[in-house]
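# Structure at a glance
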Amino acid sequence: MPKQILFNAFSMNCVGHINHGLWTHPRDRSTEFNTLRYWTDLARTLERGLFDGIFLADILGVYDIYGGSVDLTLRESIQLPVHDPMMLVSAMAAVTEHLGFGVTVNANAEPPYLFARRMSTLDHLTGGRMGWNIVTGYLDSAARAIGNSAMTAHDDRYDQAEEALELLYKLWEGSWEDDAVREDKANRIYADPAKVHAIHHAGRFYQSEGYHLTAPSPQRTPVIFQAGTSARGRRFAARHAECIFISAPDAATAQKTSRLLRADAVEAGRKPDDIKIFVGISIVPGATEAEAQEKYADYRRYASPEAGMAHFSAGSGIDLAQLDLDDPIVKDSAPGNAIQSGIEAARKRGLTKRQLLEGLALGGRYPTFVGTGSQIADSLARFVEEGEIDGFNLTRTVVPESYEDFVTFVVPELQARGLYKTAYSGGTLRHQLFGAGPRLSSPHPAADARRLDI
């Protein structure tokens, strides 16, 4: 049997996400992001196309590196304004039955005790369809906005996230026993007091003592997504991540990263297939190759490479507005405090500002497949096989037609080749992705929290 490819729709609760400038296209509805109809329509389309989930990005802070201001960020709506992604889940869950939800939340930005309740609540309301994309932040503007003088050092942010997860696992996995809820009306016992336990945590970053406020949800711990591929990020992912999102311009790069990540997982005591690896891509399909190429050319007329460059500036911490076109965008390998993996990749390639702009023709930096459904299916299958990955995060171009076109032109081609499911398997998001039970098992550290002396 061929390997079936996993797909998430990659989006964000904002106007401009990855492929910048396309909000100006006459058929694009991204400016309606602040309405429920926009998201419920999208959710229905994704479920009709049997997407595994919608992966919602998020940031705290603003992109103020490029040109030393937020002027371009505001003019092009480069992830500003940006609304809370968790608020979208209930509405989309109400109009779907199987679609999963991967929501980005900064692990270090709020008390774990409060976040644990919010995530458990959504896992209940969705019937176990929740995932959490763990990020640790990288914007100084965010650190200043929430009361810090500057962003914490890169590796220290991961140290804090490790401890946040230790506390969260205690709450999600250990505070309530499986049979604590009895719902016994005759004896007036909703929950058995002997089976609900206070957790105790005293660490470097967090101190907490109390009961998890939510009874066990279908998955308890949400599916853990993670996107950091720096050396420290990989160590973090090796212990915790179930799904890892990587950026790779081609299959060879994806293969190299995938092998490193799976080797890290094995070193951490897990199996190579305990993690699913996703690559970010853009797709422009058509009924014919000529139609697809015409559509791609049309999209490019509205895209903003400069806005994409401002996005890169924020992630790298480098003001590219100050560079000449043929200057290398990274002149040394000194570790910074931003997204280290992206900086290192640019340094190794000797990427210049001109080359970066050329790569941002569609406003974003992900590989773009253009063609008929059959041609795109060929490219996807080859990328999965040669890149040794499991699936893709499909970013939006013109909304909603980019996802509607994928469902119309590409999904049937993949299904005909046995590369894509023809129906949902049912069950929780974890079951959908891994074909296993709803809960994490040993040697994942979440399983260690299932004990009474917490």
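Throughout what follows, the structure given in this document is the object of discussion. None of these values were measured; they are calculated from a predicted model.

Counting its regular elements, the chain contains 15 helices and 13 strands. Each principal axis of the C-alpha distribution contributes one length, and for the chain these read about 70 × 50 × 45 Å. In the chain, buried positions account for 56% of the 454 residues. Across the chain, contacts joining residues at least 24 apart in sequence account for 77% of those joining residues at least 6 apart. Approximately 18900 Å² of the chain is accessible, and the part contributed by carbon and sulfur atoms is 50%. Separation of charge centres in the chain, based on 47 positive and 57 negative side chains, amounts to 2 Å.

All right, on to the layout of surface pockets then. Its boundaries defined by the atoms lining it, the second largest pocket holds a volume of some 320 Å³. Lining the second largest pocket are 16 residues, and of these Asp274, Phe434, Ala436, Leu440 and Ser441 lie nearest its centre. In terms of residue class, the lining of the second largest pocket is made up of 4 nonpolar, 4 polar and 8 charged.

What follows is about the packing of helix H1 (residues 36–48) against helix H14 (residues 401–416). Relative to each other, H1 and H14 sit at 15 degrees, their axes nearing to 9 Å. Relative to H14, the element H1 lies roughly parallel. Handedness of the crossing formed by H1 with H14: left-handed. Packed against H1, whose contacting residues are Leu42, Thr45, Leu46 and Arg48, the element H14 presents Tyr403, Glu404 and Val407 at the interface.

All right, on to H14 then. For H14, spanning 16 residues, the distance from its first C-alpha to its last is 22 Å, which sits close to the expected 22 Å at 1.5 Å a residue. The largest bend along H14 reaches roughly 40 degrees and is located at Val410, with the proline Pro412 sitting one to four residues downstream. Turning to H14, its buried residues number three or more, namely Glu401, Ser402, Tyr403, Asp405, Phe406, Val407, Val410, Val411 and Leu414. For H14, the elements touching its buried residues are strand E1 (6–12), H1, strand E11 (276–286), helix H9 (289–302), helix H13 (373–387) and strand E13 (391–395). Note on H14: the residue one or two positions beyond its end, Gly418, has a positive phi of about 75 degrees.

This paragraph deals with the pattern of salt bridges. Close approach of charged atoms allows side chains of opposite charge to pair. Under the criterion given, the structure shown has 32 salt bridges. Linking Lys271 and Asp274 is a salt bridge whose minimum nitrogen-to-oxygen distance equals 3.6 Å. Where salt bridges share partners, they join Arg29, Glu32, Arg37, Asp41 and Arg44 into one cluster.

The next point concerns the environment of Arg262. Considering the arrangement of structural elements, one finds Arg262 in helix H8 (residues 251–267). For Arg262, a relative accessible area of 16% puts it in the buried group. Among all residues touching Arg262, those that are not within four sequence positions of it are Pro272, Asp273, Ile275, Ile277, Glu388, Ile389 and Asp390. Within polar-contact distance, the side chain of Arg262 engages the backbone oxygen of Glu388 at 3.2 Å.

In this section: the environment of Asp250. Turning to its location among the elements, Asp250 is positioned in the loop between strand E10 (243–246) and H8. Asp250 gets classed as partly exposed once you look at its relative accessible area, which sits at 34%. With 133 residues separating them along the chain, Asp250 and Phe383 place their C-alpha atoms 7.6 Å apart. At 3.3 Å, the side chain of Asp250 forms a polar contact with the backbone nitrogen of Ala252.

Attention now goes to empty space enclosed by the protein. Any empty space left between atoms is shown by rolling a water-sized probe over those atoms. Enumeration according to the criterion identifies 3 cavities of 30 Å³ or more in this entry. Of the voids in this model, the largest cavity is the one considered here, and its volume is about 70 Å³. When the residues that make up the lining of the largest cavity are grouped by side-chain class, the tally is 4 nonpolar, 6 polar and 2 charged. Roughly 40 Å³ of internal volume is contained in the second largest cavity. Along the walls of the second largest cavity sit Val105, Asn106, Ala107, Glu110, Pro111, Pro112, Phe115, Trp132 and Leu168, which together make up its complete lining. Those elements that provide at least two residues to the lining of the second largest cavity are strand E3 (100–106) and helix H4 (112–125). For the lining of the second largest cavity, the class distribution of residues is 7 nonpolar, 1 polar and 1 charged.

This part takes up the nonpolar core. One finds Phe51, Ile54, Trp132, Leu380, Phe392, Phe406 and Leu414 to be the most contacted residues of the largest nonpolar core, which totals 80 residues. Beyond its immediate chain neighbours, meaning those up to four positions away, Leu380 contacts Ile5, Phe7, Ile281, Ile283, Phe369, Phe392, Phe406, Val410 and Leu414. Residues Cys243, Phe245, Leu323 and Tyr366 belong to the second largest nonpolar core, which totals 34 residues.

Attention now moves to helix H7 (residues 231–240). Taken together, the buried positions of H7 are occupied by Arg232, Gly233, Phe236, Ala237, Ala238 and His240. Summarising the contacts, the buried residues of H7 are in contact with strand E4 (130–135), helix H6 (154–174), strand E9 (223–226), E10 and H8.

With that settled, the discussion passes to the side chain of Thr257. As for its placement among the helices and strands, Thr257 is situated in helix H8. Setting aside residues up to four positions removed in sequence, Thr257 forms contacts with Thr229 and Ile246.

Reading guide: rules and limits
- Residues numbered from 1 in each chain as written.
- Predicted model: local features only at pLDDT ≥ 70, side-chain atom pairs only at ≥ 80, totals over all residues.
- Heavy atoms only, no water.
- Helix = DSSP H or I, 4+ residues; strand = E, 2+ residues; numbered from the N terminus.
- Buried < 20%, exposed > 50% of the residue type's maximum accessible area, 1.4 Å probe, protein only.
- Contact = heavy atoms within 4.5 Å.
- Areas by Shrake-Rupley, 256 points an atom, 1.4 Å probe, with all protein chains shown as cover.
- Lys, Arg positive; Asp, Glu negative; His and termini not counted.
- Charge placed at Lys NZ, Arg CZ, Asp CG, Glu CD.
- 1 Å grid on protein atoms, 1.4 Å probe; cavity = no way out; pocket = protein on both sides within 12 Å on 5 of 7 lines; lining within 4 Å.
- Points joined across faces, edges and corners; volume = space filled by probe spheres on them.
- Nonpolar A, V, L, I, M, F, W, Y, C, P; charged D, E, K, R; others polar.
- Axes fitted to C-alpha atoms, helices over the stretch in contact; angles between N-to-C directions.
- Parallel < 35°, antiparallel > 145°, perpendicular 65-115°, else oblique.
- Left-handed = near helix turned anticlockwise from the far one by under 90°.
- Expected span 1.5 Å × (residues − 1).
- Bend = angle between axes of the 7 residues up to and from the residue.
- Salt bridge = Lys/Arg side-chain N within 4 Å of Asp/Glu carboxyl O.
- Polar contact = N/O pair within 3.5 Å; in protein donor to acceptor, adjacent residues only side chain to side chain.
- Core = buried A, V, L, I, M, F, W, Y, C linked by side-chain atoms within 4.5 Å.

From the geometry alone we can't say anything about function, so treat these as descriptive.
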